[in-house]
2 protein chains.
Amino acid sequence: MSFKRNTLLLALMGGLLVNQSVTAAPAAVPLDAKASDPHVLGLMQGIPPAADKVVNFSNFLRFPFTRWSFSHIREVVPTVQVSRGDGPVSALPRAERDDIDSLSFKPIGRDSTMTWEQSLAANYTDGIVVLHRGKLVYERYFGALKPEGQHIAFSVTKSFIGTLAAMLVAEGTLDENALVTRYVPELKDSAYGNATVRQVMDMTTSIEYSEDYADPTAGVWEYGRAGHLIPRPAGYSGATSLYAYLQKLKAEGEHGQTFAYKTVNSDALAWVVQRATGKTFPELVQERIWSKLGAEQDAYVMIDEVGTGFAGGGFNAGLRDMARFGEAMRLNGRFNGQQIIPEAVVADIRKGGDQSKFAKAGYNTLPGWSYRNMWWVANNDHQVFTARGIHGQTIYVDPKAEMVIARFASYPVASNAQIDPTSLPAYTALANLLMTKDQ
Amino acid sequence: MSFKRNTLLLALMGGLLVNQSVTAAPAAVPLDAKASDPHVLGLMQGIPPAADKVVNFSNFLRFPFTRWSFSHIREVVPTVQVSRGDGPVSALPRAERDDIDSLSFKPIGRDSTMTWEQSLAANYTDGIVVLHRGKLVYERYFGALKPEGQHIAFSVTKSFIGTLAAMLVAEGTLDENALVTRYVPELKDSAYGNATVRQVMDMTTSIEYSEDYADPTAGVWEYGRAGHLIPRPAGYSGATSLYAYLQKLKAEGEHGQTFAYKTVNSDALAWVVQRATGKTFPELVQERIWSKLGAEQDAYVMIDEVGTGFAGGGFNAGLRDMARFGEAMRLNGRFNGQQIIPEAVVADIRKGGDQSKFAKAGYNTLPGWSYRNMWWVANNDHQVFTARGIHGQTIYVDPKAEMVIARFASYPVASNAQIDPTSLPAYTALANLLMTKDQ
């Protein structure tokens, strides 16, 4: 990427939240899922593609280019492999149902109903897989995603580092009550200087850093530039690695009081976990999770310029493999003939975090929820717990319904608050269908 | 990568050919294979690595950083996957011998002998596999390469696009006698305007472009900057894609007279092949070769900023999989239970190209050799033919000895003329050993 592109990009940075057509003039209404399909737009088609159809580092986070890029991250930025290992692929027996597309539900805050099939388009779904009792009952792909492709999981990545950390706590390798600085002395002058590992694991730290994607000056963008996960402007003089940025963070209050969702916590945790084990985040995912799932495909992780894996949101994988991870969590950690995640770790996640601390964060679509080990926990009668990423990435586990949903999406706006209303009630409706009606 | 790094890099560009220690002061003598081992140097070790141990886009083509980067290309630049597919791995039965390391041979131009084992260090071998009658008789890894890792193949990549082109000619999809412009009209004002597909396939085009890596102003560096395979200086105003650069190339004589090894030909051929098929180079490798070999691992290809796969040198793969491809070529295209490459295509390669045209190019270590379909053909009594890449990458097929050698290396200098003297006679000695002595 040339520095000229950087300059251009700076102007476009806020564009992540602005729906623009592929042509120069911004569209008043975002292209819908069908109209923004990369095949319809001709993105990256032709040998070589025409200049206005190219998706690369200069535009890959801007809708509608995201419809292509989210399924092609490794073609845009450096990545590190997470090997599936050399064992056999674990079976996902098929028992596909034909009564799901027409399933009707009422979106949050609306009076009219919508069908399951309509919800997929409404959410710019790139792919969705539903397992019921371990069988694949539903599977669809749209846009640029294929069954054999990998899609960015964004913050679903956090649930991997959270799970790994909880596994290390359970086995005694990591002390959740210790200060972060026991493992990472370099963080002593930062906001993390007086935080415990557990506070980081549950995101109850208090840090001067904004996760507001709509604000171009938000910390999350600074962080992206530090990690070179997004382009830097000409003359950039900020941090040049993820961990250099973490060291600059300042506290904005007392830790432990409130849930505050901040991506930096996941990487601070990854730094801790890596120091505790001497292994990198991608290596740990590979050794402890991915190679044991019987995954179909290798996965991969975005890295910064010093090779650090982006634990806050850089994981990419195949959709059915994400479903396998969800199924392992549903089965209390036991999957593919082995106990991959200790039962106590899954139980600790399912138990959830402090609901009063979560409530202070004001998530309107998630009443009564909490956050534990970097999982979102519904604390409802279905004992639902989920991994969630911006633009609609999901692993949704409903133990009571014996259902797991894995979804990749490229919703134009980085806001799950806009996606939840047409997703969460659809998932509940599907759970009820699966529980009450065999096919 | 920041534009400041680009500036720095410009100064270092020639450094590819200069042996430098990892510290600031250039060493008078290059570090040897053992001293430049990335583990010894501490490259990319630590979480995160220390600043002077980081390998990234700013230094990844400079020795000794190459000792790490050549096994980690995807962690430095964007790449596209070449899937192994979902079939079973093809067997490479083991019959390892213990009499190879001590094998003695006389390097070209020297009076004293050297052992096989010594030759591996002399050539900065990162990995080497020898198959004899399809069995794995020898396998070693050094430096940053592991059996489950992928290494850059550099110009061995050319033999993939050459083989694919020959396959398309054999099946009638591509006319070797047609002008390049029949498939790629965009090249009509370039040196390729009056070249035939066959001239490009055999590199007998005459093009104003230098492959001299020792010359910082050589075309090969301009080409690398165009493809963003190497950093660009601040204020860069040259071509910004591989194919944009090809369109600027001028003729420097009459085509068809002399073999002239120029990387641009491989990408011109890839453009032709992709237009003839409507598929990308990585897709074609995947569909027609990689997914049929029973490869152990996915491979991948470096791409430029518009997503074009670098057919001149961007292929990366596991070493045993490279040996599988060599074995398929040894067996006249039949491997893993199927005819992967038509027998006539392999025969056409083995027959070789025009030796008189090759001789004019003045390769002192390759007397009597020729070049056909982007393979190097020895035209000797063993009917040896090889794929060759700078810094010591090799697939060496000796049909008479029923031997295939696959080697990855990170020799400090981009010159096979310096590597051949301790490689080619070693391979001949090993062939003779395998032919005369069972173990």
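Predicted, not measured: the structure shown is a model, and the values here were computed from it. (Residues numbered from 1 in each chain as written. Chains lettered and ligands numbered in written order. Predicted model: local features only at pLDDT ≥ 70, side-chain atom pairs only at ≥ 80, totals over all residues. Heavy atoms only, no water.)

A. Region of interest: the overall build of chain A. Broken down by element type, chain A carries 16 helices and 15 strands. In terms of its C-alpha atoms, chain A occupies a principal-axis envelope of roughly 60 × 55 × 45 Å. For chain A, buried positions account for 65% of its 439 residues. Considering only residue pairs separated by 6 or more positions, chain A has 68% of its internal contacts joining residues 24 or more positions apart. When the accessible surface of chain A is summed, it comes to about 15200 Å², and 51% of that surface belongs to carbon and sulfur atoms. A distance of 1 Å separates the average location of the 42 positive side-chain charges in chain A from that of its 44 negative side-chain charges. (Helix = DSSP H or I, 4+ residues; strand = E, 2+ residues; numbered from the N terminus. Buried < 20%, exposed > 50% of the residue type's maximum accessible area, 1.4 Å probe, protein only. Contact = heavy atoms within 4.5 Å. Areas by Shrake-Rupley, 256 points an atom, 1.4 Å probe, with all protein chains shown as cover. Lys, Arg positive; Asp, Glu negative; His and termini not counted. Charge placed at Lys NZ, Arg CZ, Asp CG, Glu CD.)

B. Region of the structure containing the sheet that holds strand 6 (residues 151-152) of chain B. Residue and element names in this part refer to chain B. Pairing within the open sheet is antiparallel, and its four strands lie in the order 1-7-8-6. Of all strands in the sheet, those bounded by a partner on one side alone are strand 1 (79-82) and strand 6. Sheet analysis places strand 7 (residues 299-302) next to strand 8 (residues 315-317), joined by two bridges and oriented antiparallel. The residue bridging Tyr 300 from the neighbouring strand is Asn 316, located in strand 8. (Pairing = 2+ DSSP bridges.)

C. Up close: the sheet that holds strand 8 (residues 315-317) of chain A. With antiparallel pairing, four strands are arranged side by side in an open sheet as 1-7-8-6 (chain A). Edge positions in the open sheet fall to strand 1 (79-82) and strand 6 (151-152) of chain A, since each of these has one partner strand only.

D. Fine view of the interface of chain B and chain A. Taken together, the contact pairs 40 residues of chain B with 40 residues of chain A. With both chains or domains summed, chain B and chain A bury close to 3100 Å², and 51% of this area falls on carbon and sulfur atoms. Linking chain B with chain A are zero salt bridges. Secondary structure elements with two or more residues in the side of chain B that touches chain A: helix 1 (3-12), strand 1 and helix 10 (263-277) of chain B. (Buried area = accessible area lost by both parts, 1.4 Å probe. Salt bridge = Lys/Arg side-chain N within 4 Å of Asp/Glu carboxyl O.)

E. Quick peek at the confidence of the model for chain A. Overall, the predicted model of chain A reaches an average pLDDT of 93, with 94% of residues at or above 70. Counting contacts from residues 1-27 of chain A, a segment whose pLDDT is below 50, to residues more than four positions away or on other chains yields 64 contacts. (pLDDT = per-residue confidence, 0-100.)

F. Structural view of the environment of Lys 250 of chain A. Residues and elements named next belong to chain A. With respect to the helices and strands, the residue Lys 250 is situated in the loop between helix 9 (242-246) and helix 10 (263-277). Judged by its relative accessible area of 44%, Lys 250 is partly exposed. Distance from Lys 250 to Phe 335, taken between C-alpha atoms, is 41 Å for residues 85 residues apart in sequence.

G. Summary view of the UniProt feature "domain: Beta-lactamase-related" (unreviewed entry) in chain A. Annotation from UniProt places "domain: Beta-lactamase-related" (unreviewed entry) at residues 128-412 of chain A. Counted over residues 128-412 of chain A, helix gives 31% and strand 17%. Its end C-alpha atoms are 17 Å apart. (UniProt positions renumbered as here; feature names shortened; annotations may be inferred.)

H. Focus on the side chain of Gln 393 of chain B. All names here are of chain B. When you line up the elements, Gln 393 lands in strand 14 (residues 393-398). Of the residues examined, Gln 393 reaches a relative accessible area of 1% and is grouped as buried. From its side chain, Gln 393 meets the backbone oxygen of Ile 390 in a polar contact 3.0 Å long. Within the structure, the side chain of Gln 393 is placed 3.4 Å from the backbone oxygen of His 391, a separation counted as a polar contact. Discounting residues that sit within four places of it in the chain, Gln 393 has contacts with His 151, Ile 152, Ala 153, Phe 154, Val 156, Ala 387, Arg 388, Arg 407, Phe 408 and Ala 409. (Polar contact = N/O pair within 3.5 Å; in protein donor to acceptor, adjacent residues only side chain to side chain.)

I. Spotlight on the pairing of strand 5 (residues 135-141) of chain A. Residue and element names in this part refer to chain A. Of all seven residues making up strand 5, five are buried, and the element is well covered by its neighbours. Judged from the six bridges that link them, strand 4 (residues 125-132) and strand 5 form a sheet pairing that is antiparallel. By the bridge assignment, Gly 127 is partnered in strand 5 with Tyr 141. Counting the residues that bridge the hairpin from strand 4 to strand 5 gives two residues, and of these Arg 133 lies at a positive phi of roughly 50°.

J. Highlighting the packing of aromatic side chains. For the structure on display, the rule yields 60 aromatic pairs over all chains. Judged by centre distance (5.0 Å) and plane angle (75°), the rings of Tyr 371 of chain A and Trp 376 of chain A are edge-to-face. With respect to class, Tyr 371 of chain A is no different from Trp 376 of chain A; both count as buried. Ring geometry for Phe 259 of chain B versus Tyr 371 of chain B: centroids 4.7 Å apart, planes at 35°, classification tilted. Placement of the pair is Phe 259 of chain B in the loop between helix 9 (242-246) and helix 10 and Tyr 371 of chain B in strand 11 (residues 370-372), with a sequence separation of 112 residues. A network of ring pairs unites the aromatic residues Phe 160, Trp 290, Phe 315, Phe 325, Trp 375 and Phe 385 of chain A as a single cluster. The ring of Tyr 300 of chain A carries Arg 74 of chain A above its face, with NZ or CZ at 6.0 Å from the centroid. (Phe/Tyr/Trp six-rings, centres within 6.5 Å; stacked < 30°, edge-to-face > 60°. Lys NZ or Arg CZ within 6 Å of the ring centre and 35° of its normal.)

K. Inspection of the environment of Gln 274 of chain B at higher detail. For Gln 274 of chain B, the position within the fold is in helix 10. Judged by its relative accessible area of 3%, Gln 274 of chain B falls in the buried class. The spacing of Gln 274 of chain B and Val 264 of chain B is ten residues in sequence and 15 Å in space, taken between C-alpha atoms. Setting aside its immediate chain neighbours within four residues, Gln 274 of chain B contacts Ile 47 of chain A together with Tyr 243, Lys 279, Thr 280 and Phe 281 of chain B.

L. Here's a closer look at helix 8 (residues 219-226) of chain B. Residue and element names in this part refer to chain B. The buried fraction of helix 8 is high, at seven of eight residues. Buried within helix 8 are the following residues: Gly 219, Val 220, Trp 221, Tyr 223, Gly 224, Arg 225 and Ala 226. Tucked into the core, helix 8 has its buried residues touching helix 9 and helix 10. Of the residues trailing helix 8, His 228 is marked for its positive phi of about 55°.

M. Seen up close, the pairing of strand 7 of chain B. Residues and elements named next belong to chain B. Of the two faces of strand 7, the one holding Ala 299 and Val 301 and the one holding Tyr 300 and Met 302 are both buried throughout. Examined bridge by bridge, strand 1 and strand 7 share four bridges and lie antiparallel to one another. For Thr 79, the partnering residue across the bridge sits in strand 7 and is Met 302.

N. Quick look at the relation of the copies chain B and chain A. The two copies are related by a screw operation: chain B maps onto chain A through 180° of rotation and 0.0 Å of translation along the axis, at an RMSD of 0.0 Å. Both copies of the chain, as the preceding transformation shows, are related through a two-fold rotation axis. When C-alpha distances to the rotation axis are compared across chain B, the minimum falls at Pro 78 of chain B, with a value of 2.5 Å. Of the residues that chain B buries at the interface, 100% are likewise interface residues in chain A, meaning the two copies contact each other through the same surface. (Least-squares fit on C-alpha atoms with pLDDT ≥ 70 in both.)

O. Spatial organisation of the pattern of salt bridges. Residue and element names in this part refer to chain A. Under the defined criterion, the tally for this structure stands at 52 salt bridges over all chains. Asp 126 is the partner of Arg 67 in a salt bridge, and the nearest nitrogen-oxygen pair spans 3.1 Å. Residue Arg 67 is found in helix 3 (residues 66-69), and its partner Asp 126 is found in strand 4; the two are separated by 59 residues along the sequence. A relative accessible area of 2% places Arg 67 in the buried class. On the accessibility criterion, Asp 126 (0% relative accessible area) is buried. The partner of Arg 330 in a salt bridge is Glu 327, and the shortest N-O contact between them spans 2.8 Å. Here the residue Arg 330 and the residue Glu 327 both occupy positions in helix 12 (residues 319-330), the gap between them amounting to three residues, near one helical turn. In terms of burial, Arg 330 and Glu 327 fall into one category: buried. Here the residues in one salt-bridge network are Arg 94, Glu 96, Glu 139, Glu 296, Arg 320, Asp 321 and Arg 324, joined through shared partners.

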